[in-house]
Structure formats: structure tokens, C-alpha cells
Amino acid sequence: PATLFLLPIALFWEKKVPGEWPVVFGKDSMTDYEILASVWSLNKWTVAWLVLSGVFSFLYNIVQFSVVHTLSPSATAFGGNFNKAALIFLTLLLPFLRVHELPGYPYIEVIWIAVIINIAAFSYYGWLQIEAKNKDQARLLGDNGDDDSDSEEEDSSQ
């Protein structure tokens, strides 16, 4: 549905081409389709990377959908925050990932504490989810065992 809704916009709505691209494309305004076709004629690998990115995005959405249905929507939201915290953690640890200089004292300490607490909270939340699931399974198995023994007792008394 979203593709069908956006297709006319991609095919017919011309937008201003930013930067130096009007020189490369020879036009000041183009549709999304015209830009894609022009990029294809200039460098097919760029479009291949675009398609590969779409495949990875699709696979990520399938994994996320599975997580929502196995755990809960809140676990998925929490997981997204965990990904951000992990990226911030890696940026703090690995200088070559930094785009900007890190803030000085006391702000950097606050960032470190917040990232560590976020990761610890996600880990604890995940553990609680697993424990709750194990308790539910144990309860269900226990309930089924009680039902079987009750029905056997009723059968033998008759």
C-alpha cells in the first residue's frame, strides 16, 4: 500500500536537485525516478548497494516483527534503545568512530553512567522477560499435570 501511494510522487513530482548534482545531471529539477535512472547510468554499483540496503532493511524488519511477537512491543522498543546505547558505548571507546570531540568533565562522566545504566537495565529487563516466560511455561506444565491426575482419579473411582 505504501509503495502504491508513493509511486506517483516518485514518478511525477519534480524536486530541486541539491548541491553540484545539477551540473552532473544537466537538470535543475528531477523526479526521484529520473535521479535513480541517472545514478544507474553513472554507477550501477551505487544502485546495487541501495538494493542491498533494502534487503537488509527487510530482513531487520522481519527479525523485529518476530521479536515483537515472541517478547513484547516494549521489549522491542527497549531493544532499539539498547542498540543506540551500544553505538554510543562503541563511540566512547573507539576514537575513530567519533564525529565530534567528546565533551569535558562533568558531562562525559554523565554520559558514561547513562550508557552503562541503559545497558544494565536492558540486560535486567531481558532477564526478567525470560524468567516470566519460564514461570508461565512451568505453570502451564504444572496445570496440565494436575488435570491429568484429576481425570485419572475420576476414571478409577467410577
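Computed from a prediction, not measured in an experiment: that's the story for all the values here.

How each quantity is defined
- Residues numbered from 1 in each chain as written.
- Predicted model: local features only at pLDDT ≥ 70, side-chain atom pairs only at ≥ 80, totals over all residues.
- Heavy atoms only, no water.
- Helix = DSSP H or I, 4+ residues; strand = E, 2+ residues; numbered from the N terminus.
- Buried < 20%, exposed > 50% of the residue type's maximum accessible area, 1.4 Å probe, protein only.
- Contact = heavy atoms within 4.5 Å.
- Axes fitted to C-alpha atoms, helices over the stretch in contact; angles between N-to-C directions.
- Parallel < 35°, antiparallel > 145°, perpendicular 65-115°, else oblique.
- Nonpolar A, V, L, I, M, F, W, Y, C, P; charged D, E, K, R; others polar.
- Salt bridge = Lys/Arg side-chain N within 4 Å of Asp/Glu carboxyl O.
- Expected span 1.5 Å × (residues − 1).
- Polar contact = N/O pair within 3.5 Å; in protein donor to acceptor, adjacent residues only side chain to side chain.
- Patch = residues over 30% accessible without salt bridge, like charges linked within 9 Å, V, L, I, M, F, W, Y side chains within 5 Å.
- Areas by Shrake-Rupley, 256 points an atom, 1.4 Å probe, with all protein chains shown as cover.
- Phe/Tyr/Trp six-rings, centres within 6.5 Å; stacked < 30°, edge-to-face > 60°.

Asker: Explain the overall build of the protein chain residue by residue, including any values.
Answerer: In terms of regular secondary structure, the protein chain is built from 6 helices and 2 strands. Secondary structure of the protein chain in N-to-C order comes out as α-β-α-β-α-α-α-α. Going through the 158 residues of the protein chain one by one, you find that 9% of them count as buried. Taking contacts inside the protein chain between residues at least 6 apart in sequence as the whole, the part at least 24 apart equals 28%.

Asker: Lay out the packing of helix α3 (residues 32–42) against helix α4 (residues 44–70) in plain terms, naming residues and giving numbers.
Answerer: Relative to each other, α3 and α4 sit at 125°, their axes nearing to 5 Å. On the basis of their axis angle, the class for α3 and α4 is oblique. Of the residues in α4, those touching α3 at L36, V39, W40 and L42 are K44, T46, V47 and L50. For the contact of α3 with α4, the class distribution of residues is 6 nonpolar, 1 polar and 1 charged.

Asker: Which residues make up the pattern of salt bridges, and what values go with them?
Answerer: Here the structure, examined in full by the defined rule, presents 2 salt bridges. With its nearest N and O atoms 3.3 Å apart, the salt bridge here joins D32 to K15. Pair noted here: D32 is in helix α3 and K15 is in strand β1 (residues 15–16), with a separation of 17 residues, a long-range link. Among the residues examined, D32 registers a relative accessible area of 35% and is labelled partly exposed. Linking K27 and E34 is a salt bridge whose minimum nitrogen-to-oxygen distance equals 3.2 Å. Note on K27: relative accessible area 36%, which makes it partly exposed.

Asker: Please set out α4 residue by residue, giving values where relevant.
Answerer: Under the 1.5 Å per step criterion, the end-to-end length of α4 is 39 Å for 27 residues, consistent within 8% with the ideal 39 Å. One side-chain oxygen of the residue at the start of α4 lies 3.0 Å from the amide nitrogen of W45, identifying that residue as N43.

Asker: So what's going on with unusual backbone geometry? Residues and values would help.
Answerer: Of note, the amide linkage connecting Y105 to P106 takes the cis form, showing an omega dihedral of 0°. Relative to the helices and strands, P106 resides in the loop between α5 (73–93) and α6 (107–157).

Asker: Report on the side chain of S38, specifying residues and quantitative values.
Answerer: Summarising the element assignment, S38 is placed in helix α3. Residue S38 is classed as buried on the basis of its relative accessible area of 17%. Setting aside its immediate chain neighbours within four residues, S38 contacts F25 and M30.

Asker: Outline a nonpolar patch on the surface, supporting the account with residue identities and numerical values.
Answerer: On the surface, a nonpolar cluster with roughly 990 Å² of combined accessible area is contributed by W45, W49, V51, L52, V55, F56, F58, L59 and I62. A relative accessible area of 43% means that L59 is categorised as partly exposed.

Asker: Outline the environment of P103, supporting the account with residue identities and numerical values.
Answerer: Checked against the element boundaries, P103 lands in the loop between α5 and α6. Setting aside residues no more than four positions away along its own chain, P103 makes contact with I108 and I111.

Asker: Run through the packing of aromatic side chains, naming residues and quoting values.
Answerer: Tallied over the full model, the rule gives 3 aromatic pairs. With centroids separated by 5.3 Å and ring planes inclined at 20°, the aromatic side chains of W21 and F25 adopt a geometry described as stacked. Linking W21 with F25, this pair stays in helix α2 (residues 21–25), spanning 4 residues, or about one helical turn. Residue classification places F25 among the buried positions, given a relative accessible area of 17%. Note on Y124 and W127: the rings are 5.9 Å apart at their centroids and 25° apart in plane angle, and the pair reads as stacked. Here the residue Y124 and the residue W127 both occupy positions in helix α6, the gap between them amounting to 3 residues, near one helical turn.

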